[in-house]
Number of protein chains: 4
Amino acid sequence: MKKLGWGLVGGGEGSQIGFAHRAGSKLDGKFQFIAGAMDVDPHKAFEFGIAQGLDEERCYSDWQEMLEKEKNREDRVQLVTVATPNATHHQISKAFMEAGFHVFCEKPMTMTVEEAKDLLEISKKTGQICAVNYGYTGYPMVRQMRSMVANGDLGAIRVVVAEFAGGFMADAKDDENPRVRWRFDPTQAGMAAVTVDCGIHALHMACFVTGQKVTSVSSDFGHGIKSRQLEDDNLSAFRMNQGTIGRLWTSGLAIGRTHGLTLQVFGEVGGIRWTQEQPNQMFWTPLNQPTQILERGGNYLSEAAQRANRITVGHPEGMVMAFASLYRDLGEVIIAMNEGNRPDEMACWYPNVEDGYHSIEIVQAMVESAKGGSAWVDV
Amino acid sequence: MKKLGWGLVGGGEGSQIGFAHRAGSKLDGKFQFIAGAMDVDPHKAFEFGIAQGLDEERCYSDWQEMLEKEKNREDRVQLVTVATPNATHHQISKAFMEAGFHVFCEKPMTMTVEEAKDLLEISKKTGQICAVNYGYTGYPMVRQMRSMVANGDLGAIRVVVAEFAGGFMADAKDDENPRVRWRFDPTQAGMAAVTVDCGIHALHMACFVTGQKVTSVSSDFGHGIKSRQLEDDNLSAFRMNQGTIGRLWTSGLAIGRTHGLTLQVFGEVGGIRWTQEQPNQMFWTPLNQPTQILERGGNYLSEAAQRANRITVGHPEGMVMAFASLYRDLGEVIIAMNEGNRPDEMACWYPNVEDGYHSIEIVQAMVESAKGGSAWVDV
Amino acid sequence: MKKLGWGLVGGGEGSQIGFAHRAGSKLDGKFQFIAGAMDVDPHKAFEFGIAQGLDEERCYSDWQEMLEKEKNREDRVQLVTVATPNATHHQISKAFMEAGFHVFCEKPMTMTVEEAKDLLEISKKTGQICAVNYGYTGYPMVRQMRSMVANGDLGAIRVVVAEFAGGFMADAKDDENPRVRWRFDPTQAGMAAVTVDCGIHALHMACFVTGQKVTSVSSDFGHGIKSRQLEDDNLSAFRMNQGTIGRLWTSGLAIGRTHGLTLQVFGEVGGIRWTQEQPNQMFWTPLNQPTQILERGGNYLSEAAQRANRITVGHPEGMVMAFASLYRDLGEVIIAMNEGNRPDEMACWYPNVEDGYHSIEIVQAMVESAKGGSAWVDV
Amino acid sequence: MKKLGWGLVGGGEGSQIGFAHRAGSKLDGKFQFIAGAMDVDPHKAFEFGIAQGLDEERCYSDWQEMLEKEKNREDRVQLVTVATPNATHHQISKAFMEAGFHVFCEKPMTMTVEEAKDLLEISKKTGQICAVNYGYTGYPMVRQMRSMVANGDLGAIRVVVAEFAGGFMADAKDDENPRVRWRFDPTQAGMAAVTVDCGIHALHMACFVTGQKVTSVSSDFGHGIKSRQLEDDNLSAFRMNQGTIGRLWTSGLAIGRTHGLTLQVFGEVGGIRWTQEQPNQMFWTPLNQPTQILERGGNYLSEAAQRANRITVGHPEGMVMAFASLYRDLGEVIIAMNEGNRPDEMACWYPNVEDGYHSIEIVQAMVESAKGGSAWVDV
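Residues numbered from 1 in each chain as written. Chains lettered and ligands numbered in written order. Predicted model: local features only at pLDDT ≥ 70, side-chain atom pairs only at ≥ 80, totals over all residues.

Chemist: Quick rundown of the overall build of chain A? Include the residues and the values.
Modeler: Of regular secondary structure, chain A possesses 12 helices and 14 strands. Taking 2.2 N^0.38 as the reference for a compact globule, 379 residues should give roughly 21 Å; the C-alpha atoms of chain A span a radius of gyration of 20 Å, in line with that estimate. Taking the principal axes of its C-alpha atoms as reference, chain A extends roughly 60 × 50 × 40 Å. Here chain A, with 379 residues, has 64% of them falling under the buried criterion. Look at the contacts in chain A between residues 6 or more apart in sequence, and 69% of them connect residues 24 or more apart. (Helix = DSSP H or I, 4+ residues; strand = E, 2+ residues; numbered from the N terminus. Rg over C-alpha atoms; globule rule 2.2 N^0.38 Å. Buried ≥ 20, exposed ≤ 12 C-beta atoms within 10 Å, placed from the backbone. Contact = placed C-beta atoms within 7 Å.)

Following this line, the structure appears as structure tokens:
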């Protein structure tokens, strides 16, 4: 089986997310890493590309060069991952899609709703994929949650509670460091800080698991560190299109919550909860019965959870494997497209450009609500 | 040492809260149970009083009789606990205070702010105590949290997150039962349902631990079971008088959260969290350091936590002991008052009439905000 | 309902176990504390008795006086709890039984097998109860375990794993304190240290839950602190009379295990586990199915667990309530005996003199095995 | 940087361990998978090799062919992983070492002590590495444990408690399946079952973390399923060369313990514990102080733990990354050897041929002790 060529823009030396993409993309053997423009410094980009095993001619100085040269190759990359600073996502993703490449863009997909809409339209027009890296959706137990909701195990969903709150932004001294400070500077970070950095994952997960969209929001943005221009804490109520009541709390001030991404879903006849720090378990409580601890790898899990699984029950999987699940999905879909086939429905669970667009819409509505004294704003 | 006479109104056979008061009041030997009017059925009240070891003449048919007869006795009860339906709290507490009895009232103290203010004024005028049973504040580790905040261990408090969300109101079939249904009927339950039943505990705990008051709120009330007239889910943002950002989630729909009372407090240089289902531990994370598991009974705890402790570390204490702590506080304070002494400052940590009043104020503001599209309302 | 008179020998001021007995005995209202000889110092015994609300004439100077005076009273105590140093248990329990009192003896019941056999025979001869305080068996979830095993939910029991290992004896400096050092002095502590202090609880629990007896043992006694003459760590293999394989680990050296009493039982078609530090939950795994978290107070529990329950699910119960369960059992049994009735079978689950005897037999066999190079010794 | 060539014997389609080796070996980019003999069926071996991206000429029919052809290549594999049935480990590892290849052998390294000694000698003689896959030692938090012990944080180690007990062998019906049954057949499985399958990991971990060797053992082997000829449960006491008291429990009958590998180490002034199912945390309790939860990725960890780390704190790593750590170690060491350099001391923490030999020695002593009525046997 010939592997699909894969390229990476950004995510060079010292980048956590770059490592996770490289490790995740190769895990299941669908992709081969063949091209990169991983650093703004052309020399470093070259050195790091070589160190990662790229051919010299495919260690590019910048994404423009990569685009120009790759598009003329027969063995061009089939998927380009964009892991550059947020403000550049739109431009780069757009350019690659228009040149006929599929794109896998880091979150947030764009800085503004307009940009997001633009990518959505380009994706539709060109037929190129623009996936968004809500990587936590690749965990088998997150897929189990989605299956159970879709299957009606919980009945109609009454309430979803999404949290992504940790102590990442709690050390005031960090703000003296420009590599942190930019997050709270609207000219660099855009309309929001912790909401775009963390909360957006939890919001997407609420949509992913319930299969619903957010229709309206009421938000309170807090500034625990008062000097910050953008929020470091956000509590939002929301409503979803099938009537589900939503609650979001995202914060960078929550010292002691190491990561802090958690989802709870409560339906008419059951409740589920999951937390990223213990990703191999999911808690399921049927109404008036004991809570059950579902284990990744258990043979009682849904087809979608089994499909995302790799190793035996009891042996923990971690974040890189969740990323890998998205690459496996994308690989399957691209192969099906290349061969003119219809991809497996479950391979299409990767977060797509509509998801990316919807998230930015929600964030914009939250910003507006927070500015308007928490008045409700339609999405 | 002569024990203080204690009497109970309501809380008769089959009442959980009645059991907890009787068990808690006698645990530390400060009070002796000597009078009761525990059932609306005079016959049952008599039978149950006898079964609990009361003298026949002090098994009263109703609270009015109890008040009349007790006030003429030399050995009158010194503290009357009011564990009747919420709508009667004001009238009974008022009557006993005006007759010279100290009162320990179940929560919510009253149905309205006006009633609460009335009790506050009567307490001030008569000098009688009107304590409110936010019983969870009696847990040693809750007192440890308050000590640590007061001591500055966390620095200035940025965010407090209070939750009381369980599956208590999740079974739609229960609403066919009048003993459940009244909670959602405004003519019987007053202005709110889960907020008054559960959220009020979490709110008080946020105030208790931070030493602050709530100054404004923005609330979203949800009706997960649509037929209900009052809310079964409430998400509220709030602000406190020293600038702390507040978050409250209370729900009766959260299937799988067995109890669901949790408090998290995040300051400039540390965070703490505690949950009622595991009350003997508290988690403390100094900024940039590992989380520590503090154990009730540990010799490194604050004086206030040590004071509320009874048994050796590793042997769990439970809810009845938390209730007992409030009785011990009240016993100390009443003895000091009787002897003309100033009570120990830490004995005065019991939730008092101002706390009861403040809670009702907050609930009213939440109701108003929820009706007003989540607009902010001052408390 | 007339309460049963209760008396306490030992367990005076500052004694944890004395507090737990007093609190536990009064919790359910079956007993009234009316007599005591709680301190070896007659003056302190008197003062402390008064402080606990005893009549002056029933604050005795020593157990001999208590026995003499109580046996001549019409309103004599019906149950005497013996909470004195271990070496005195036999003599005191024997004397009270022979004088017609029921006895509730702290563990270990005696220092030697001979003494234990003696109490067993006296109990049979006199018809007086000699219960032993394996207090943890009073927890509702421990009773749930026993019910499930008896009900065959796990199938035949293959393996039982009992642990009681904490850091209680880990601080070498404590050995300079005579109040600690005696435990490791054979002339004062008898044949064993941590085995008698802690392990004996875990051993009894293994018997209690499986309904079996230990038939043979192979033991390794360790001396983590080398200066100690008696063991501070014991690993034992054992066999039970229905073929179950047994494993025991008890240690006082296990720093970080706050309490450390845990039971795991594995049968043909399911496994259960419980730990005293989280006593309100029990984990139950049917073969090839997800683990379930059973909650004290859940309506799906066995009759025996429901019977031992007091408060609503989600509100923790602790150790004092477990002790109280044994008092409730004893109260029921004594009342039935007094009235010539057959007591409820489940009230007879309290640990009795045969249990006390069996435990000492096992310990003796362990001592012998440890001395004999871990060779197997029949019990 | 040129990658090291890597080859795999066994571990073909459907093999969990094969997947884990392939995924782990490529994670850090030190090795490239270039040769394999992954199935006993030559056709399947070819097909699967191709599917994994091997060149046709390096998809070998059996290990003998692989050895013959690889040894004549200039670009020969530098490390051969042996993931075949246990009984073949010795022969294959020996042959590859003698032909000048480094070997990474699955556990147990051999079936007998004699075979193990043979590999030890061959490794010494040839200078070829024979590593053994005690893969769990690659977890960063296991390395943290070893660092803390070596650093004296716990003082002298008094007790080590190693467990590997799960429900893997609990379903009696599985024994009808030849793929399971062989484990309990001495002619196929050798001298022991669960001890060699699971317990051997826990034993090595006890040695790895304490830096000690086992000097004597007393073992009890149980047969929970009576038809089995080899043990499915083993409780062993042991002693280590610096006087540490050891306890091992390994079982395949422990329904509800999903994986069940746990290590606890107790020293004079502190205790630590870790469990494989939650591998990113480690619990550390200094004497008389609160327990701390150390997090993988925390900046307070030891150099060795930092070195084994890849992704940010809070993002779980799992088993494949632990395997990858051993490949990274081996890669570093092989490169250093190739270049004539001394490898980093911490890269030499991978389990080596002496560890493999020592484990088999211990197992043999356990077998002998169990047969001899648990009498102590020197290792």
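The structure having been displayed, the exposition proceeds.
Chemist: Describe the sheet that holds strand β3 (residues 79-83) of chain B, listing the residues and the values that go with them.
Modeler: Working definition: the strands of a sheet are paired by backbone hydrogen bonds and lie parallel or antiparallel to each other. Residue and element names in this part refer to chain B. With parallel pairing, the 5 strands of this open sheet are ordered in space as β2-β1-β3-β4-β5. The open sheet terminates on both sides in strands that have one partner only, identified here as β2 (31-37) and β5 (130-132). Neighbouring strand axes in the sheet, compared pairwise and without regard to direction, differ in orientation by 25° on average. Sheet analysis places strand β1 (residues 4-10) next to β3, joined by 5 bridges and oriented parallel. Of the residues in β3, the one forming a bridge with glycine 10 is alanine 83. (Pairing = 2+ DSSP bridges. Axes fitted to C-alpha atoms, helices over the stretch in contact; angles between N-to-C directions.)

Chemist: Could you give an account of the domain arrangement of chain A, with specific residues and numbers?
Modeler: In many analyses, interface size is given as the accessible surface area lost on bringing the parts together. Residue and element names in this part refer to chain A. As far as domains go, chain A holds domain 1 (4-132) and domain 2 (138-310 + 357-378). For domain 1 and domain 2, the distance between their C-alpha centres works out to 27 Å. Each side of the interface is counted separately: domain 1 has 10 residues, and domain 2 has 8 residues. Here the side of domain 1 that touches domain 2 is built from residues that sort into 6 nonpolar, 2 polar and 2 charged. (Domains from an automatic or database assignment. Nonpolar A, V, L, I, M, F, W, Y, C, P; charged D, E, K, R; others polar.)

Chemist: For helix α9 (residues 194-210) of chain C, give the residues involved together with the corresponding values.
Modeler: Residue and element names in this part refer to chain C. Between its first and last C-alpha atoms α9 spans 23 Å; for 17 residues at 1.5 Å apiece the expected length is 24 Å, and the two agree. If you look at α9, its biggest bend is around 45°, right at isoleucine 200. In terms of burial, α9 is largely enclosed, as 17 of its 17 residues are buried. (Expected span 1.5 Å × (residues − 1). Bend = angle between axes of the 7 residues up to and from the residue.)

Chemist: Please set out the packing of helix α5 (residues 113-126) of chain D against helix α12 (residues 353-371) of chain D residue by residue, giving values where relevant.
Modeler: Between two packed helices, the angle of one axis relative to the other and the distance separating the axes together describe the packing. Residues and elements named next belong to chain D. One way to put it is that α5 packs onto α12 with a least axis distance of 9 Å and a crossing angle of 165°. One way to sum up the angle between α5 and α12 is to call them roughly antiparallel. Note on packing geometry: the crossing formed by α5 with α12 is left-handed. Where α5 abuts α12, its residues Val113, Ala116, Lys117, Leu119, Leu120 and Ser123 lie against Val353, Glu354, Gly356, Tyr357, Ile360, Glu361 and Gln364. (Parallel < 35°, antiparallel > 145°, perpendicular 65-115°, else oblique. Left-handed = near helix turned anticlockwise from the far one by under 90°.)

Chemist: Help me get a handle on the relation of the copies chain A and chain B, residues and values and all.
Modeler: Overlaying chain A on chain B yields an RMSD of 0.0 Å, the required transformation being a rotation through 180° with an accompanying axial translation of 0.0 Å. Here the copies are linked by what is in effect a two-fold axis. Taken as a fraction of all interface residues of chain A, those also at the interface in chain B reach 100%, which identifies the copy contact as same-surface. (Least-squares fit on C-alpha atoms with pLDDT ≥ 70 in both.)

Chemist: Got a sec to walk through the interface of chain A and chain C? Specific residues and values, please.
Modeler: At the interface, 9 residues of chain A touch 9 residues of chain C. Among the residues making up the side of chain A that touches chain C, the classes are represented as 4 nonpolar, 4 polar and 1 charged. Where strand β13 (residues 291-295) of chain A meets strand β13 (residues 291-295) of chain C, 3 bridges bridge the pair, whose relative direction is antiparallel. Pairing of Gln292(A) across the sheet is with Gln292(C), part of β13(C).

Chemist: Tell me about the interface of chain A and chain B, and please be specific about residues and values.
Modeler: On the chain B side, the residues contacting the 37 residues of chain A number 37 residues. Here the residues of the side of chain A that touches chain B sort into 16 nonpolar, 14 polar and 7 charged.

Chemist: I'd love a proper account of the pairing of strand β8 (residues 233-240) of chain B, names of residues and values included.
Modeler: Residues and elements named next belong to chain B. Burial within β8 is extensive, with 8 of its 8 residues counted as buried. Neither face of β8 is left uncovered, since the one carrying Asp233, Leu235, Ala237 and Arg239 and the one carrying Asn234, Ser236, Phe238 and Met240 both have all their residues buried. Pairing of strand β7 (residues 214-222) with β8 involves 8 bridges; the strand directions are antiparallel. When the sheet's bridge partners are listed, glycine 222 is paired in β8 with aspartate 233. Across 7 bridges, β8 lies against strand β9 (residues 245-251) in antiparallel orientation. Looking across to β9, one finds that phenylalanine 238 is bridged to glycine 246. What sits between the antiparallel neighbours β8 and β9 is a turn of 4 residues, in which glycine 243 has the positive phi angle 95°.

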